[in-house]
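Next come the chains, spelled out residue by residue.
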Amino acid sequence: MDLNVSQIANRVYLLVDQQMPVTEIRVFLDQQYRMLLNSHQWSFVKANGAIATVAERKTGTVSIINGSAAVVGTGTAFAAGDVNSMMVLAGVPYIISAVTNTTNLTLSSVYAGTTNTAATYVIRTHRYNLATNIESIISQSGTEWALYETTETTLNQIDPNRRVTGLPRCFTYVAQTTTGVTRVELWPVPTETLNLPYMGLTRSSLTTSSQTISDISDVLLKAGAEMTCQALFAKTSDKRWLLLGQLYGTQYREGLVELKRRDMRRFGMDEERRIFRS
């Protein structure tokens, strides 16, 4: 049975005789969902993705003025995707904060070098979004080199201005986008187009009402009902909720045991096929 978040919340709402607001039930479901995901190495919370790096760009020339953050290009092709990328001017990297059009952009800090009306430049992208459904990277797949996780603090110590370029060897998590998409920084900074496939963990929070909870929706329903009944008992001291919560709790734990068994059997079959193919 595959249900979306709204359907699960509404069913719990009916199971508890509409005595708890759906908004509060959603909070309980989110907590239970995270607990469920942490209780087992579920095969269905893994997904594949890939980071497609962008080659460095240096078409045309730019006019830059000491003490100004404005950059005016001639023969350039600046794009909205260049925001948060690095622009190297006179050997010094600056972060692009805004792009107005193909010939005008703004740096996050003022240009500190010598004024030049026909300067060369290089734009390099060092930070990339993961797939929208991916929360974190588990491992790589299909690459000929290892990409190790590090920290932004470490990168700031060994290469504070991100001057080192080449084949990426490390990645670190950086601030998410405004819409909550996970972002990573690659180091050394890539200068060519690469495809870096990975396996990741899918997001563990119930972000939208229409999000379908595959495989564990029935177990999550009973877990949510148990937690809601416990909250109602704490609020009212009515033993009816205590007994009902115990009933749903028993169904939840029995269903969870069976679900783990099925998932382990499925994972074992998938592993056997993978080994056989290799």
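These numbers were taken from a predicted model, which means no experiment stands behind them.

A closer look at the overall build of the protein
Item 1. Looking only at helices and strands, the protein features five helices and 16 strands.
Item 2. Taken over C-alpha atoms, the radius of gyration comes to 26 Å for the protein, far larger than the 19 Å a tight globule of 278 residues would show.
Item 3. Here the contacts in the protein between residues at least 6 apart in sequence split such that 68% fall between residues at least 24 apart.
Item 4. Accessible area for the protein stands at about 14900 Å²; split by element, carbon and sulfur atoms hold 53% of it.

Focus on the pattern of salt bridges
Item 1. For the coordinates displayed, the defined rule picks out 12 salt bridges.
Item 2. For Asp17, the salt bridge goes to Arg240, with nearest N and O atoms at 3.0 Å. Taken together, the positions of Asp17 in the loop between helix H1 (5-15) and helix H2 (22-38) and Arg240 in helix H5 (residues 239-277) put the pair 223 residues apart, joining distant regions of the chain.
Item 3. The class for Arg240 is partly exposed, based on a relative accessible area of 43%.
Item 4. In this structure, the salt-bridge partner of Arg34 is Asp30, at a minimum N-O distance of 3.7 Å. Highlighted residues: Arg34 and Asp30, both in helix H2, separated by four residues, approximately one helical turn.
Item 5. Among the residues examined, Arg34 registers a relative accessible area of 35% and is labelled partly exposed.

Digging into the nonpolar core
Item 1. By size, the foremost hydrophobic cluster in this structure holds 31 residues, and its most contacted members are Ile8, Leu36, Ile213 and Leu220.
Item 2. Elements with a contribution of two residues or more to this core: H1, H2, helix H4 (217-236) and H5.
Item 3. Ranked by residues supplied to this core, first place goes to H4 with eight residues.
Item 4. Among the nonpolar cores identified, the runner-up in size contains 15 residues, and Val62, Val71, Tyr111 and Ala119 belong to it.

Let's talk about the pairing of strand S15 (residues 195-202)
Item 1. By the bridge criterion, seven bridges tie strand S2 (residues 46-52) to S15 in an arrangement that is antiparallel. Counted as the bridge partner of Gly49 is Tyr198 from S15.
Item 2. As paired elements, strand S11 (residues 134-140) and S15 share five bridges and run antiparallel to each other. Paired with Gln140 across the strands is Tyr198, a residue of S15.

Examining the sheet that holds strand S12 (residues 148-149)
Item 1. Pairing is mixed in the open sheet, where four strands are placed in the order S10-S14-S13-S12. Of all strands in the sheet, those with a lone pairing partner are strand S10 (127-129) and S12, marking the two edges.
Item 2. Across five bridges, strand S13 (residues 170-174) lies against strand S14 (residues 183-187) in antiparallel orientation. For Tyr173, the partnering residue across the bridge sits in S14 and is Val184.

Focus on the packing of H2 against H4
Item 1. The geometry of H2 relative to H4 is characterised by a closest axis approach of 9 Å and an angle of 125° between their N-to-C directions. What the angle tells us is that H2 and H4 run oblique. In the crossing of H2 with H4, the sense of the turn from one axis to the other is right-handed. On H4, the residues that touch Ile25, Phe28, Leu29, Gln31, Gln32, Tyr33 and Leu36 of H2 are Val219, Leu220, Ala223, Gly224, Met227, Thr228 and Ala231.
Item 2. Considered class by class, the residues forming the contact of H2 with H4 number 10 nonpolar, four polar and no charged.

So, unusual backbone geometry
Item 1. For the peptide bond that leads from Trp187 to Pro188, omega is -10°, which places it in the cis range.
Item 2. Structurally, the position occupied by Pro188 is in the loop between S14 and S15.
Item 3. Even without being glycine, Arg162 reaches a positive phi, approximately 55°.
Item 4. Note on placement: Arg162 falls in the loop between helix H3 (152-158) and S13.
Item 5. The exposure class assigned to Arg162 is buried, which follows from its relative accessible area of 7%.

Thresholds applied
Residues numbered from 1 in each chain as written. Predicted model: local features only at pLDDT ≥ 70, side-chain atom pairs only at ≥ 80, totals over all residues. Heavy atoms only, no water. Helix = DSSP H or I, 4+ residues; strand = E, 2+ residues; numbered from the N terminus. Rg over C-alpha atoms; globule rule 2.2 N^0.38 Å. Contact = heavy atoms within 4.5 Å. Areas by Shrake-Rupley, 256 points an atom, 1.4 Å probe, with all protein chains shown as cover. Salt bridge = Lys/Arg side-chain N within 4 Å of Asp/Glu carboxyl O. Buried < 20%, exposed > 50% of the residue type's maximum accessible area, 1.4 Å probe, protein only. Core = buried A, V, L, I, M, F, W, Y, C linked by side-chain atoms within 4.5 Å. Pairing = 2+ DSSP bridges. Axes fitted to C-alpha atoms, helices over the stretch in contact; angles between N-to-C directions. Parallel < 35°, antiparallel > 145°, perpendicular 65-115°, else oblique. Left-handed = near helix turned anticlockwise from the far one by under 90°. Nonpolar A, V, L, I, M, F, W, Y, C, P; charged D, E, K, R; others polar.

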